[in-house]
Amino acid sequence: MEIFLPFILLISVCVGVIIAYKFPLFTVFLLFVTGMSIRIFSSTRFFDEEYSLIGLGVRAEDIVMVSMAIAVFIRVFFTNNIKNYLRTTIGKISLFLFLWLMWETIRNITLYGISAPGEFRFRYLILVIPFYVALYFSSEYERKKLVKFLLFASLIFPFLCLPFIGFLKGWVFGANENRLFPADISLGIMYAFLLLFFAMRANYLQWKKILLWLIAIPVFVVLLVDGHRSVWLASGVIIITLIALSEMKVTKYLWMLIPLFLFVIFIASQLGISIFDFIAERTVAFFNPEDDPTATWRLAIWAVQLEKFLSFPFLGEGFGGYWKIYIPELGQELDVSPHSLYVQTLVKTGVIGLGLYLVLVWKSLKQMFDWRKIQDYVLHPEYALVLVGIITIFAGHSYFIAYAFDYYTMFYAGLGFAVVNNAQFSSQTTANLK
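To keep things clear, this report deals only with the structure shown in the data block. (Residues numbered from 1 in each chain as written. Predicted model: local features only at pLDDT ≥ 70, side-chain atom pairs only at ≥ 80, totals over all residues. Heavy atoms only, no water.)

### Overview of the overall build of the chain
Line of reasoning, step 1. The helix and strand inventory of the chain stands at 19 helices and four strands.
Line of reasoning, step 2. When the 434 residues of the chain are sorted by exposure, 53% land in the buried category.
Line of reasoning, step 3. In the form shown here, the chain has an accessible surface area of approximately 20800 Å², with 69% of it arising from carbon and sulfur atoms. (Helix = DSSP H or I, 4+ residues; strand = E, 2+ residues; numbered from the N terminus. Buried < 20%, exposed > 50% of the residue type's maximum accessible area, 1.4 Å probe, protein only. Areas by Shrake-Rupley, 256 points an atom, 1.4 Å probe, with all protein chains shown as cover.)

### Notes on the packing of aromatic side chains
Line of reasoning, step 1. Taken as a whole and assessed by the stated rule, the structure comprises 24 aromatic pairs.
Line of reasoning, step 2. With a centroid separation of 5.9 Å and 75° between ring planes, the pair formed by Tyr124 and Phe405 is classed as edge-to-face. Here the residue Tyr124 occupies a position in the loop between helix H7 (115-123) and helix H8 (128-136), and Phe405 occupies one in the loop between helix H18 (383-399) and helix H19 (407-433), the gap between them amounting to 281 residues.
Line of reasoning, step 3. An angle of 70° between the planes, with centres 5.4 Å apart, marks the rings of Tyr357 and Phe405 as edge-to-face. (Phe/Tyr/Trp six-rings, centres within 6.5 Å; stacked < 30°, edge-to-face > 60°.)

### Digging into the nonpolar core
Line of reasoning, step 1. In terms of nonpolar packing, the biggest core is built from 108 residues, with Ile129, Phe181, Phe198, Phe405 and Tyr412 touching the most fellow members.
Line of reasoning, step 2. With sequence-adjacent residues up to four places away left out, Phe198 is seen in contact with Leu242, Glu247, Ala384, Leu387, Val388 and Ile391.
Line of reasoning, step 3. Formed by seven residues, the second largest nonpolar core is a distinct cluster that contains Phe309, Trp323, Val343 and Leu354. (Core = buried A, V, L, I, M, F, W, Y, C linked by side-chain atoms within 4.5 Å. Contact = heavy atoms within 4.5 Å.)

### Here's the deal with helix H1 (residues 5-22)
Note that an α-helix has 3.6 residues per turn; residues three or four places apart therefore point the same way.
Line of reasoning, step 1. For H1, spanning 18 residues, the distance from its first C-alpha to its last is 26 Å, which sits close to the expected 26 Å at 1.5 Å a residue.
Line of reasoning, step 2. The set of residues buried in H1 consists of Leu5, Leu9, Val13, Gly16, Val17, Ile19 and Ala20. Take H1 and look down its axis: the buried residues cluster within an arc of 165°, on one side only. Facing away from the buried side of H1 by more than 90 degrees, the exposed set consists of Phe7, Leu10, Ile18 and Lys22.
Line of reasoning, step 3. Turning to H1, the residues buried within the fold contact helix H2 (24-39), strand E1 (53-55), strand E2 (58-59), helix H3 (60-77) and H8. (Expected span 1.5 Å × (residues − 1). Arc of directions from axis to C-beta.)

### Points about unusual backbone geometry
With the exception of glycine, most residues fall at negative phi, and the peptide bonds are largely trans.
Line of reasoning, step 1. Of note in this structure, Asn203 is not a glycine but carries a positive phi near 60°.
Line of reasoning, step 2. Relative to the assigned elements, Asn203 resides in the loop between helix H10 (183-201) and helix H11 (209-225).

### Considerations on the pattern of salt bridges
Once the charged atoms of two side chains with opposite charge are near each other, the side chains can pair.
Line of reasoning, step 1. Under the definition given, this model contains 10 salt bridges.
Line of reasoning, step 2. Measuring nitrogen to oxygen at the nearest pair gives 2.6 Å for the salt bridge that ties Glu317 to Lys348. On the criterion of sequence distance, the pair formed by Glu317 in the loop between helix H16 (293-309) and strand E3 (325-327) and Lys348 in helix H17 (residues 341-373) is long-range, its members being 31 residues apart.
Line of reasoning, step 3. Given a relative accessible area of 1%, Lys348 falls into the buried group.
Line of reasoning, step 4. Here the salt bridges do not stand alone but share partners, grouping Glu119, Lys308, Glu317 and Lys348 into one network. (Salt bridge = Lys/Arg side-chain N within 4 Å of Asp/Glu carboxyl O.)

### Overview of the packing of helix H9 (residues 140-169) against H10
Line of reasoning, step 1. Their axes nearest at 9 Å, the elements H9 and H10 cross at an angle of 130°. By the angle between their axes, H9 is oblique relative to H10. The handedness of the crossing between H9 and H10 is left-handed. Facing H9, whose interface residues are Val147, Leu151, Ser154, Leu155, Pro158 and Phe159, H10 presents Ile185, Gly188, Ile189, Ala192, Leu195 and Leu196.
Line of reasoning, step 2. Taken together, the residues that form the contact of H9 with H10 break down as 10 nonpolar, two polar and no charged. (Axes fitted to C-alpha atoms, helices over the stretch in contact; angles between N-to-C directions. Parallel < 35°, antiparallel > 145°, perpendicular 65-115°, else oblique. Left-handed = near helix turned anticlockwise from the far one by under 90°. Nonpolar A, V, L, I, M, F, W, Y, C, P; charged D, E, K, R; others polar.)

### Re H16
Line of reasoning, step 1. In a regular helix each residue adds 1.5 Å, so 17 residues correspond to 24 Å; H16 covers 24 Å between its end C-alpha atoms and thus fits that length.
Line of reasoning, step 2. All of the buried residues in H16 are Ala295, Arg298, Ala300, Ile301, Trp302, Val304, Gln305, Lys308 and Phe309.

### Observations concerning the environment of Leu214
Line of reasoning, step 1. With respect to the secondary-structure elements, Leu214 resides in helix H11.
Line of reasoning, step 2. Separated by 46 residues in the primary sequence, Leu214 and Leu260 have C-alpha atoms spaced 9.9 Å apart.

### Comments concerning the packing of H10 against H11
Line of reasoning, step 1. Between H10 and H11, whose axes approach to 11 Å, the crossing angle comes to 160°. Considering the angle they form, H10 stands roughly antiparallel to H11. Crossing hand, H10 versus H11: left-handed. Residues Ser186, Ile189, Met190, Phe193, Leu196, Phe197 and Met200 of H10 lie in contact with H11, whose contacting residues are Lys209, Leu212, Ile215, Ala216, Val219, Phe220, Val222 and Leu223.
Line of reasoning, step 2. Residues of the contact of H10 with H11, tallied by class, amount to 13 nonpolar, one polar and one charged.

Next up, the structure:
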């Protein structure tokens, strides 16, 4: 069987590319089944990270994302989109970033072999998602179907799984080993609730308001009780962003949030959690990280990895070496990622790689802000998608202080990018026709 495995993988990618090109929503569904949904059960003792492993270090979700990447390449370079795409600043920067990441991979193949493309695949292939969404969900109808699926995948489905999670792990609540969901799933739940809220406000989706507030209760309970500080930080960034954009009037929603918060406190108390003591314990890392074991562990890893970065600050060390290194403060050798997108990217791709990525993010944000200035959420049906795209980018990049890329940030940011990207291409096409 192992003899034929490379051939089977090649056939799988070929079939995957056809599916990704012809059936984008089904492709997103496949990625959900092979990758995103499995993460929901990571708190249970039955969770196995090797579940989706096919062989040769390849996972099922890798096949889907490689297929998406090839489909993006086909759409950009073998259709009429290429001229329009490369005219844009985002198109040029994304091409430079892609070429830089490829160089960081190829230059290390002689040193690390298949581990070089393997590490790229493991950490950076996920960047294809927003481009795939922008290019293959080019109409309002297609995007609305994707919105409904994402609401199911990142909000409804996790809560449907809660009874099974409780049965498998035991009905114990709190931080660390007692969490219901991992941080990325909690982040996706928060994004989905925000999209639902703003989509209803803009009449993009028609739901009963009472359903929204009923959904808000379990959402707030999970976000609070699971105690993911990275998600709390992202929540704070979202609130600040919404206030800065004049999308949220504190006085308007305060009277709604206070009783909701009190109700959440009551539910938490029934679960045996003192919310105020719990919050005080979990926020130590923000104000005095030396007194928090997890924060101390992260800081020790960051310090050693940044020393490595200083050896080759501009080019980075490239992919393939992974993260095995001795940590003096911890007195042990570890082989784990630095739990920070910024540290990780500096070490692997240098200042040039991180700089290209941040410029790409900034230009994408600017494009969304420019689009937003001339729109009215009451009039434009997809205003909510762009707004959530903006706040997702801000929130996601605060979350990335402690983690690497996640599926949900890529998808929700991609939705906003898809709206403005296709609006821009439409206006360029109209100008060319004239």
